[in-house]
Amino acid sequence: MQLRNELVRVEADRTGTTIDNLKRAFLENLYYVQGKPPALATLNDYYMALAHTVRDRIMQRWNNSAITYTENQSRTVCYLSAEFLMGPHLGNNLINLGLYEPMKQAIDELGINFDELIEEEGEPGLGNGGLGRLAACYLDSLAALEIPTMGYGIRYEFGIFKQDIRDGWQVEITDKWLRNGNPWELARPEWTVSIPFGGHTESYRNSQGVYRARWVPAWEVKGVPYDTPTLGYKVNTANTLRLWKAEAPESFDFQAFNTGDYYGAVNAKVVSENITKVLYPNDDEIQGKVLRLQQQFFFVSCSLQDMIRIMKGQKIPMERFHEKFAVQLNDTHPAIAVAELMRLLVDQEFLGWDEAWAITQNTLAYTNHTLLPEALERWQIDLFRDLLPRHLEIIYEINQRFMDDVRVKFIDDDARLARMSLIDESGERYVRMANLACVGSHAINGVAALHSELLKQTVLKDFYEYSPEKFSNKTNGVTPRRFMVLSNPRLTQLITDRIGSGWITDLEQLRQLEQFIDDPAFCQQWRSIKQAIKQDLADSIQKDYGVDVSIDSIFDIQVKRIHEYKRQHLNLLHIITLYNRIKANPNIDITPRTFLFGGKAAPGYFMAKLMIKLVSAVSEVINRDPDVRGRIKVVFLKNYNVKFAQHVYPAADLSEQISTAGKEASGTGNMKFAMNGALTIGTLDGANVEIMEQAGEENFFLFGLTAEEVRERKARGYDPKAYYNANPNLQLVIDRIASGFFSHGDKTLFQPIVDNLMQSDPYLLFADYQSYVECQDRVAEAYRDQDKWTRMSILNAARMGMFSSDRSIQEYCDDIWNVKPVTVKETEGFCSAT
Ligand code: GPK
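Residues numbered from 1 in each chain as written. Predicted model: local features only at pLDDT ≥ 70, side-chain atom pairs only at ≥ 80, totals over all residues. Heavy atoms only, no water.

### So, the overall build of the protein chain
Consideration 1: Summing up its helical and strand segments, the protein chain has 34 helices and 27 strands in all.
Consideration 2: For 834 residues, the compact-globule formula gives about 28 Å, and the C-alpha radius of gyration of the protein chain, at 28 Å, lands near that figure.
Consideration 3: Here the protein chain holds 834 residues, and the buried ones make up 61% of them.
Consideration 4: When contacts within the protein chain are restricted to residue pairs at least 6 apart in sequence, long-range pairs at least 24 apart make up 77% of them.
Consideration 5: Carbon and sulfur atoms form 50% of the exposed surface of the protein chain, whose accessible area is close to 32,600 Å².
Consideration 6: The positive charge centre, built from 91 side chains, and the negative charge centre, built from 110, are 1 Å apart in the protein chain. (Helix = DSSP H or I, 4+ residues; strand = E, 2+ residues; numbered from the N terminus. Rg over C-alpha atoms; globule rule 2.2 N^0.38 Å. Buried < 20%, exposed > 50% of the residue type's maximum accessible area, 1.4 Å probe, protein only. Contact = heavy atoms within 4.5 Å. Areas by Shrake-Rupley, 256 points an atom, 1.4 Å probe, with all protein chains shown as cover. Lys, Arg positive; Asp, Glu negative; His and termini not counted. Charge placed at Lys NZ, Arg CZ, Asp CG, Glu CD.)

Written out as structure tokens, the structure is:
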């Protein structure tokens, strides 16, 4: 059955963009979609009506993109990620549609406050931090560059927890982000797939009498796709983010009917649906829980089966899988794709092993995001076999062939074989997911220049020596649409007034701002914009925390996940140093500062939670000590998320990027701060290295050991006590914490932090302390010359062009995916405007 190819008339109320069209559309959606007369409408009803008005204006692009890609059988990027931290959709979609200003006018004319509706939207917190946000920035750039793309991931029912602070401690609250409905997604139950788990394998003879393997699973769940459009900036491209929800198969209901075990059947349903219930809230750390492996296999199998369905729909022979799809693995979370694609091609599509293996390697590519050993994923063999018996067999087969190749290339090197094996057999046996990802991919990349070098020298050294041609660097980037145009409209206007709007899709054009650094009027405008934005943030801090902060102080900000390697506690050591100076000499002339912290700690990470408590404790003492006279303030901003981040980056004077050198793979917050005109105080870690290179050393506050020096220091036997004994200022800071000064006399509360630093200090805070404090003194001095500071601020923004995610994505397209833009036309076959 097929609809005759008649044109759908696209009504003005659905697609029109005049102010009048938008007003009518909003009222219509309030009435017919929300089902509310204005008299009964709530703020959420208004938000929903507005969201639907925007969604209607996306549909034609989305359908036309789908038609275009299907008709052209377009080569498609599939970005597989366990996390997508998209942030609020409404404002971003309006920016990408080019409808932000007209919609604001329309809504305001109706007597409703548009900005309040923007603020009303919650966010789908389907990620932990940098890795998930990177995936979201990449979807934005892929669409802006008109690259056919599917984002594939998990539709967690509960995203990252909401953080409350009670008595200075983090408290986690479940994130019921779907409570009020989600206007941005469409369920596509017609494309549900079935995902097998457990059971055993057996061999059988096919009709030609050839032995083949077969998986006889013990249970299965259904994967239901939910699609969200991802728009490109002012182009007709609308790609798809396809997130999978786990549901129980209907057969459970029949079983209950037949056996009378109604409770048992309902319980089985609950167990299946648990798979996509909640995001694991750990960043840079693994837990080794079976549910997590279930999540990974679930979304990978759903996605690969979806690709096979698309191949068949377009009648493309399976041998050409790697020509149709380029699949990127965002860290090792989806690395089971190596074995699952082999299973689907060999067991289900009946390709030969060698052909399937060539397709698999040509299809997949792997991005590594961390060097931290605690983040390297591995699964206990027994746990793995119980869940995925066929995949374990396939991994053994891949490994046997791989080990044979390594043995020939590196003769008589058993230690190397043991290190490169897909199976860790040094003690309890594990499947090593990074090794699996490396062997099954044609390309492997790190996320900043330094990180990619260290990968080759450390965790992936053997794989680099085995196949150096696979390795490259792809320095991370961030989207200027969300992190400049949407979140910093005032700066956007100023820049556009001077250099036009080309920079929004070609960020290198910001360099043209350099010509204005000696233009006093421009500098004055730049500075007063920063002050106005700081005032907005100060107002919200006053409202939410009752703390009065001065916009003439340095807004010194560290926002990111709380982690020892990120060293929020080094920041605190400096704050306490300043405080000690004031206590020793209350009339000392110090540059006023507002220290802002934000970020979540993994719920099971005791030290990180204690670091939050220490920030709170220090802020309580400092903010109310009359000797301080308001010259320094400390605030912990709770529940840091994408939505709040958009208010934070534009307001910063100083960006804290102070991780131990060699630990932060890249960082992306560092880029968002700098392109909004903040100066950076940082170590030579991750992308800081490249940020400094771009900004110029004279516009960057550098301190601390290099990665190489950190390695040497540790090899020599690092002794934090030696630094403590030699530095009276450091001593006083540590002693103050240990004495109970910040904890109402309780000497035990912060003892774990003190002991950790005094005894091992694994992240070398003490080694970097003096250098950090001296660097902060240079910051304070520099801020006193406002003209100079402003010039440095402008130069930072002007030189951040390379950190647009458009540049990163262009490199992935050229070097790894071999994919070209596909232009989507405004009208296509089925639709016409009236
Ligand atoms: C890296 F390994 C991981 C992880 O599990 N989660 C995560 O957010 C981050 N990351 C790195 O820590 C950052 O340095 C990097 O910028 C980001 O991934 C994106 O590459």
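### Re the domain arrangement of the protein chain
Consideration 1: Domain boundaries in the protein chain define domain 1 (1–74 + 89–122), domain 2 (76–88 + 123–474) and domain 3 (507–705 + 767–804).
Consideration 2: Counting residues at the interface gives 34 residues for domain 2, matched by 35 residues for domain 3.
Consideration 3: Summed over both sides, the interface between domain 2 and domain 3 buries roughly 2,700 Å², with carbon and sulfur atoms accounting for 58% of that surface.
Consideration 4: Remark: the boundary between domain 2 and domain 3 carries 3 salt bridges.
Consideration 5: Across the pair D164 and K638 runs a salt bridge whose closest N-O atoms are separated by 3.6 Å.
Consideration 6: Among the secondary structure elements, those contributing two or more residues to the side of domain 2 that touches domain 3 are α7 (130–144), β6 (162–166), β7 (169–173) and α18 (449–457).
Consideration 7: The class makeup of the residues in the side of domain 2 that touches domain 3 is 15 nonpolar, 10 polar and 9 charged. (Domains from an automatic or database assignment. Buried area = accessible area lost by both parts, 1.4 Å probe. Salt bridge = Lys/Arg side-chain N within 4 Å of Asp/Glu carboxyl O. Nonpolar A, V, L, I, M, F, W, Y, C, P; charged D, E, K, R; others polar.)

### Comments concerning the pattern of salt bridges
Consideration 1: Inspection of the entire model under this criterion finds 55 salt bridges.
Consideration 2: The residue D382 makes a salt bridge to R385 at a minimum N-O spacing of 3.3 Å. Of this pair, D382 and R385 both sit in helix α14 (residues 381–387), separated by 3 residues, roughly a single helical turn.
Consideration 3: The class for D382 is exposed, based on a relative accessible area of 51%.
Consideration 4: Notably, a salt bridge pairs E664 with K566, separated by 2.9 Å at the nearest N-O pair. One end of the pair, E664, is in the loop between β24 (654–657) and α26 (669–675); the other, K566, is in the loop between β21 (554–559) and α23 (568–584), with 98 residues separating them in the sequence.
Consideration 5: K566 sits in the buried class, given a relative accessible area of 8%.
Consideration 6: A single network of salt bridges, built from pairs that share partners, joins D413, R416, R419, K461, D462 and E465.

### Quick notes on the sheet that holds β21
Two pairing modes exist for strands in a sheet, parallel and antiparallel, and in both the strands are linked by backbone hydrogen bonds.
Consideration 1: Sheet architecture is open: 6 strands sit in the order β23-β22-β21-β24-β25-β26, paired in parallel fashion. Each edge of the open sheet carries a strand with a single partner, namely β23 (632–637) and β26 (701–702).
Consideration 2: Strand direction decides the pairing type here: strand β25 (residues 679–682) and β26, joined by 2 bridges, are parallel. By the bridge assignment for β26, I681 is matched with F701.
Consideration 3: Helix α22 (residues 520–545) contacts β21, β22 (593–598) and β23 of the sheet and is inclined by roughly 70° relative to β23.
Consideration 4: Against the sheet, α23 engages β21, β22, β23 and β24, with an angle of about 155° to β22. (Pairing = 2+ DSSP bridges. Axes fitted to C-alpha atoms, helices over the stretch in contact; angles between N-to-C directions.)

### Some thoughts on helix α31 (residues 751–759)
Consideration 1: Buried within α31 we find I753, V754, N756, L757 and M758.
Consideration 2: At its buried positions, α31 is contacted by α23, α24 (606–624), α29 (720–726), α30 (728–738) and α32 (765–784).
Consideration 3: Trailing α31 by a residue or two, D761 shows a phi angle of about 45°, which is positive.

### Considering the site of the ligand
Consideration 1: Inspection of the region around the ligand gives 16 residues, with L131, H369, N476, E664 and G667 positioned closest.
Consideration 2: One nitrogen or oxygen atom from the main chain of L131 is found 2.9 Å from an oxygen atom belonging to the ligand.
Consideration 3: For the ligand, an oxygen atom lies 3.0 Å from a polar atom in the backbone of S666.
Consideration 4: Relative to its free-state accessible area of 430 Å², the ligand is covered by the protein chains to the extent of 94%.
Consideration 5: When the residues that make up the shell around the ligand are grouped by side-chain class, the tally is 5 nonpolar, 7 polar and 4 charged.
Consideration 6: The residue makeup of the shell around the ligand includes at least three contributed by each of domain 2 (76–88 + 123–474) and domain 3 (507–705 + 767–804). (Near = heavy atom within 4 Å. Polar contact = N/O pair within 3.5 Å; in protein donor to acceptor, adjacent residues only side chain to side chain.)

### Some details on the packing of aromatic side chains
Consideration 1: For the structure on display, the rule yields 25 aromatic pairs.
Consideration 2: Judged by centre distance (4.8 Å) and plane angle (85°), the rings of Y649 and F673 are edge-to-face. Highlighted residues: Y649 in the loop between α25 (642–648) and β24 and F673 in helix α26, separated in sequence by 24 residues. This pair shows no difference in class: Y649 is buried, exactly as F673 is.
Consideration 3: Seen from their ring centres, Y783 and W789 are 4.9 Å apart, and the 80° between their planes marks the pair as edge-to-face. (Phe/Tyr/Trp six-rings, centres within 6.5 Å; stacked < 30°, edge-to-face > 60°.)

### Topic: helix α13 (residues 353–363)
Consideration 1: Among the residues making up α13, those that are buried are W353, A356, W357, I359, T360 and T363. The arc that holds the buried residues of α13, viewed along the axis, is 165°, so those residues lie on one side.
Consideration 2: Those residues of α13 hidden inside the fold are in contact with α11 (321–324), β14 (325–330), α12 (337–348), β15 (364–367), α15 (389–409) and α17 (433–440). (Arc of directions from axis to C-beta.)

### A word on the confidence of the model for the protein chain
Consideration 1: Taken residue by residue, the protein chain gives an average pLDDT of 96. The fraction at 70 or more is 97%.
Consideration 2: The ipTM assigned to the predicted complex is 0.97, against a pTM of 0.97. (pLDDT = per-residue confidence, 0-100.)

### What about unusual backbone geometry?
Consideration 1: At H744, a residue that is not glycine, the phi angle is positive and equals roughly 50°.
Consideration 2: Take H744: it is sitting in the loop between α30 and α31.
Consideration 3: For N818, which is not glycine, the phi torsion reads 50° and is therefore positive.
Consideration 4: A relative accessible area of 53% places N818 in the exposed class.

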